[in-house]
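Topology and contacts: notes
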Amino acid sequence: MTDTGNMTATGNATDVLLLTLDVNGERHEVITEPRRTLVDVLRHDLRLTGTHVGCEHGICGACTILVDDRPVRACLMFAAQAEGARIRTVESLSDGTELSDLQRSFSEHHGLQCGFCTPGFLMLAEGFLAERPEATKDEIREVVASNLCRCTGYQTIVEAIDGCAVTRRCPKES
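Residues numbered from 1 in each chain as written. Predicted model: local features only at pLDDT ≥ 70, side-chain atom pairs only at ≥ 80, totals over all residues. Heavy atoms only, no water.

In this structure, Arg47 is a non-glycine residue whose phi angle is positive, near 60 degrees. The residue Arg47 is located in the loop between helix H1 (38-45) and strand S6 (64-67) in this model. (Helix = DSSP H or I, 4+ residues; strand = E, 2+ residues; numbered from the N terminus.)

Here is the structure:
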């Protein structure tokens, strides 16, 4: 992190930082104010708009990403706090041509409707399943309760995550 404080045309000092962020396996240099949230930098500076902004208070979970493989609310984290960490957004799940197993499971189990909350649920599930691959439906239900969805009633989301977990534990033989 480099402080590159500048003077404005009116002579007032503005503080900006030069950050190097590791996002989805790529290195990005960003000049930003220290007060900017990670979700704003991801969406506006890096154009990774899959991470959604909902409540901006950490309640809804629409902005959930992975930071060092753990689910984090990007609206509650300053971009400067993420320097040196591995950041993954929903864009990291797919290779651009094919959906990931988790994304396919959400589709197959109808785990989304309007789609606004889906990126947050996907990243929450990705982090959770990496930590707890043997999770039970009750454990999954408890975890997904931390994110809000106004459309699905959660059962299809639980089924989608459980379906992916089962598939990952018992892959089909080729």
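On to the packing of aromatic side chains. Counted under the stated rule, the structure contains one aromatic pair. A ring pair is formed by Phe121 and Tyr154, whose centres lie 6.1 Å apart and whose planes are at 70 degrees; its orientation type is edge-to-face. Remark: Tyr154 occurs in the loop between helix H4 (137-144) and helix H5 (155-169) and Phe121 occurs in helix H3 (residues 118-131); sequence separation between them is 33 residues. Owing to a relative accessible area of 1%, Phe121 belongs among the buried residues under this scheme. On the basis of relative accessible area, Tyr154 is assigned to the partly exposed category, the value being 24%. (Phe/Tyr/Trp six-rings, centres within 6.5 Å; stacked < 30°, edge-to-face > 60°. Buried < 20%, exposed > 50% of the residue type's maximum accessible area, 1.4 Å probe, protein only.)

This part is about the packing of H3 against H5. The angle between the axes and the distance between the axes are what describe a pair of packed helices. Look at H3 against H5: their axes get within 11 Å of each other, and the N-to-C directions meet at 35 degrees. When the axes of H3 and H5 are compared, the crossing they make is right-handed. Across the interface between the two elements, Phe121, Ala125, Glu126 and Leu129 from H3 touch Ile157, Ile161, Cys164, Ala165 and Arg168 from H5. Looking at the contact of H3 with H5 residue by residue, the classes come out as seven nonpolar, no polar and two charged. (Axes fitted to C-alpha atoms, helices over the stretch in contact; angles between N-to-C directions. Left-handed = near helix turned anticlockwise from the far one by under 90°. Contact = heavy atoms within 4.5 Å. Nonpolar A, V, L, I, M, F, W, Y, C, P; charged D, E, K, R; others polar.)

Let us look at the confidence of the model for the protein chain. In the predicted model, the protein chain carries a mean pLDDT of 91, and the fraction of residues at 70 or more is 90%. Every residue in residues 7-11 is under pLDDT 50, and counting partners more than four places away or in other chains gives three contacts. (pLDDT = per-residue confidence, 0-100.)

In this section: the pattern of salt bridges. Under the criterion given, the structure shown has 14 salt bridges. Glu126 is the salt-bridge partner of Arg168, the closest N and O atoms lying 3.0 Å from each other. Taken as a pair, Arg168 in helix H5 and Glu126 in helix H3 lie far apart in primary sequence, 42 residues in all. Judged by relative accessible area, Glu126 falls into the buried class, the value being 14%. The residue Glu139 makes a salt bridge to Arg132 at a minimum N-O spacing of 2.6 Å. Each member of the salt-bridge network shares a partner with another, and the members are Arg88, Asp101, Glu126 and Arg168. (Salt bridge = Lys/Arg side-chain N within 4 Å of Asp/Glu carboxyl O.)

The next point concerns the environment of His57. Tracing the sequence through the fold places His57 in the loop between H1 and S6. The exposed category is assigned to His57, whose relative accessible area is 61%. Once the C-alpha coordinates of His57 and Leu76 are considered, the two residues, 19 residues apart in sequence, prove to be 6.9 Å apart. The residues contacting His57, other than those within four sequence positions of it, are Cys75 and Leu76.

A word on the environment of Ile31. Here Ile31 shows up in strand S5 (residues 26-32). Residue classification places Ile31 among the exposed positions, given a relative accessible area of 59%. In sequence terms Ile31 and His52 are 21 residues apart; their C-alpha atoms lie 22 Å from each other. Non-local contacts of Ile31, meaning those with residues more than four positions away in its chain, are made with Val16, Leu17, Leu18 and Asp45.

To continue, consider the pairing of strand S7 (residues 70-73). Bridge count for S6 against S7 is four bridges, and the pairing is antiparallel. Within S7, the residue paired with Val67 across the bridge is Arg70. Adjacent in sequence and paired antiparallel, S6 and S7 are bridged by two residues, among which Asp68 carries a positive phi angle near 50 degrees. (Pairing = 2+ DSSP bridges.)

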